[in-house]
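# Secondary and tertiary structure notes
Spelled out from the first residue to the last, the chains are:
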Amino acid sequence: MRRHARLSVFAAPIALLAACSGGGSKAPVATATPNVAITATNAAAVAGAAYEAAYMPARLARLVLAFVEVDTPTAPAGGLPAIVTQVVAGPDGGEATFTWNDADRDGAYTTGDTFTIDFAAYAAAGLTLDGTATLEDVLLVGRPLSSLTWRCDATLRLLALQYDTGTGPAIASGTFTVQREERTIVQVLALTALGEAAIGPRRVGTRSTSGRNEYNIDFQQGFYGDGDFLDPVTGGTFVYETVLTMTGTQFLFDPGFGELRVLGAGGTSVSIVPTDLFNVELKVDGDGDGEAETTIAQEWAEL
């Protein structure tokens, strides 16, 4: 009964996500081969590393892309291009210096503009940021400040951006293609790594993806990610894939439904399966036969 209740809560967002991401089977994005087996001993460490590698890029990008929705300041009277800077307070503390290059001097965020954000203890959505991110190669369809629907495609660069979830600082560096789209019922965010990227101590492989969709009707959100990463802590390369979109509420940072599977050498794997918004099960297939023989129960906070 409990599982059926949870399915009824999250079924609508999952259907919407399938529609937003095209549905059907996904082309593989991993460019590396797993070289360390997953066992009951290392499964929790591997799962925690994969969870951060898969979803942290989308969490960071969501905060950066929010700046294309910040009210435009008054542009200077002369000179081309117009470089405009303003300081924006963080929702939960700190600030960010937001520099906008209004390349065509039209006084609005439009195609060809560039954005640089310098964070200083900027706190929002469970993260504290220090360092720099940029948005370049911007293509805007519609106006983020006035259109009901709009889309922003850009190149996102994380320049040794420090992030802290409350467990200690880590560094994110790398370049991603990013798409942020506002639709009538859903906000879509999708990233793809251009070359290797650093997310904390691990290296995320080229073409790895990370995404987050937010649903305007019921305030649910869905996370997804597919790719590979090198983890110096466990000493191996692993592949991760979203089996079921990780879905939860926008008011909490971890999902309550879905499945992220991490693949190790020899067909071994660990599946991250939320049981509710605060707890998760790690289902370990340590002999590569396709069946989990060990289940590890944890709180999200532990993972």
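Residues numbered from 1 in each chain as written. Predicted model: local features only at pLDDT ≥ 70, side-chain atom pairs only at ≥ 80, totals over all residues. Heavy atoms only, no water.

Moving on: the environment of T39. When you line up the elements, T39 lands in the loop between α1 (2-20) and α2 (43-65). The sequence separation of T39 and G264 amounts to 225 residues, and the corresponding C-alpha distance is 9.0 Å. (Helix = DSSP H or I, 4+ residues; strand = E, 2+ residues; numbered from the N terminus.)

The next point concerns the side chain of D285. In this structure, D285 sits in strand β15 (residues 279-285). One buried charge, D285, has no salt-bridge partner; the nearest side chain with opposite charge is R261, at 8.4 Å. Within the structure, the side chain of D285 is placed 3.0 Å from the backbone nitrogen of G288, a separation counted as a polar contact. Engagement of the side chain of D285 in a polar contact is seen with the backbone nitrogen of G290, the distance being 2.8 Å. Sequence-distant contacts of D285, defined by excluding residues within four places in its chain, comprise I38, G267, T268, S269, G290, E291, A292 and E293. (Buried < 20%, exposed > 50% of the residue type's maximum accessible area, 1.4 Å probe, protein only. Lys, Arg positive; Asp, Glu negative; His and termini not counted. Salt bridge = Lys/Arg side-chain N within 4 Å of Asp/Glu carboxyl O. Polar contact = N/O pair within 3.5 Å; in protein donor to acceptor, adjacent residues only side chain to side chain. Contact = heavy atoms within 4.5 Å.)

Inspection of every chain in the model, using the stated rule, returns twelve salt bridges. E241 serves as the salt-bridge partner of R261, at 2.6 Å between the closest nitrogen and oxygen. Of the two residues, R261 sits in strand β13 (residues 257-263) while E241 sits in strand β12 (residues 236-249), which places them 20 residues apart along the sequence. Exposure remark for R261: the relative accessible area of 28% places this residue in the partly exposed category. Judged by relative accessible area, E241 falls into the partly exposed class, the value being 24%.

Time to look at α2. Counting along an α-helix, one turn takes 3.6 residues, and residues three or four places apart therefore face a common direction. Its 23 residues place the ends of α2 33 Å apart at the C-alpha level, agreeing with the 33 Å of an ideal helix rising 1.5 Å per residue. Taken as a whole, α2 carries its principal kink of about 40° at Y55; the proline P57 stands between one and four residues after it. Along α2, 20 of the 23 residues are buried, which leaves the element largely enclosed by surrounding structure. (Expected span 1.5 Å × (residues − 1). Bend = angle between axes of the 7 residues up to and from the residue.)

Ranked by size, the top nonpolar core spans 67 residues in total, and within it F119 and L135 carry the most contacts. Ranked by residue count, the leading element in this core is α2, at 16 residues. Apart from the residues lying within four places of it in its own chain, the contact partners of L135 are V64, L65, V68, T114, F115, A154, T155, L156 and V178. (Core = buried A, V, L, I, M, F, W, Y, C linked by side-chain atoms within 4.5 Å.)

Our next topic: the packing of aromatic side chains. All told, the structure shown has 14 aromatic pairs when counted by the stated rule. Judged by centre distance (5.9 Å) and plane angle (75°), the rings of F67 and F119 are edge-to-face. Placement of F67 in the loop between α2 and β1 (82-89) and of F119 in strand β3 (residues 114-124) is noted, with a sequence separation of 52 residues between them. The residues F67 and F119 share a single accessibility class, namely buried. Ring geometry for F219 against F251: centres 6.0 Å apart, planes inclined by 45°, an arrangement best described as tilted. With F219 in the loop between β10 (209-215) and β11 (220-231) and F251 in the loop between β12 and β13, this residue pair connects regions lying 32 residues apart in the sequence. Residue classification places F251 among the exposed positions, given a relative accessible area of 63%. (Phe/Tyr/Trp six-rings, centres within 6.5 Å; stacked < 30°, edge-to-face > 60°.)

The pLDDT averaged across the protein works out to 89; a share of 87% of its residues lies at or above 70. Scored below 50 in pLDDT, residues 1-19 makes 28 contacts in the model with residues more than four places away or belonging to other chains. In this model, residues 21-25 is a region of pLDDT below 50 whose contacts with residues beyond four sequence positions or in other chains number one contact. (pLDDT = per-residue confidence, 0-100.)

Looking now at a negative patch on the surface. A surface patch of like charges, here negative, comprises D287, D289, E291 and E293. Mapped onto the elements of the fold, D287 is located in the loop between β15 and β16 (294-299). Relative accessible area serves as the criterion here: at 49%, D287 is assigned to the partly exposed category. (Patch = residues over 30% accessible without salt bridge, like charges linked within 9 Å, V, L, I, M, F, W, Y side chains within 5 Å. Areas by Shrake-Rupley, 256 points an atom, 1.4 Å probe, with all protein chains shown as cover. Charge placed at Lys NZ, Arg CZ, Asp CG, Glu CD.)

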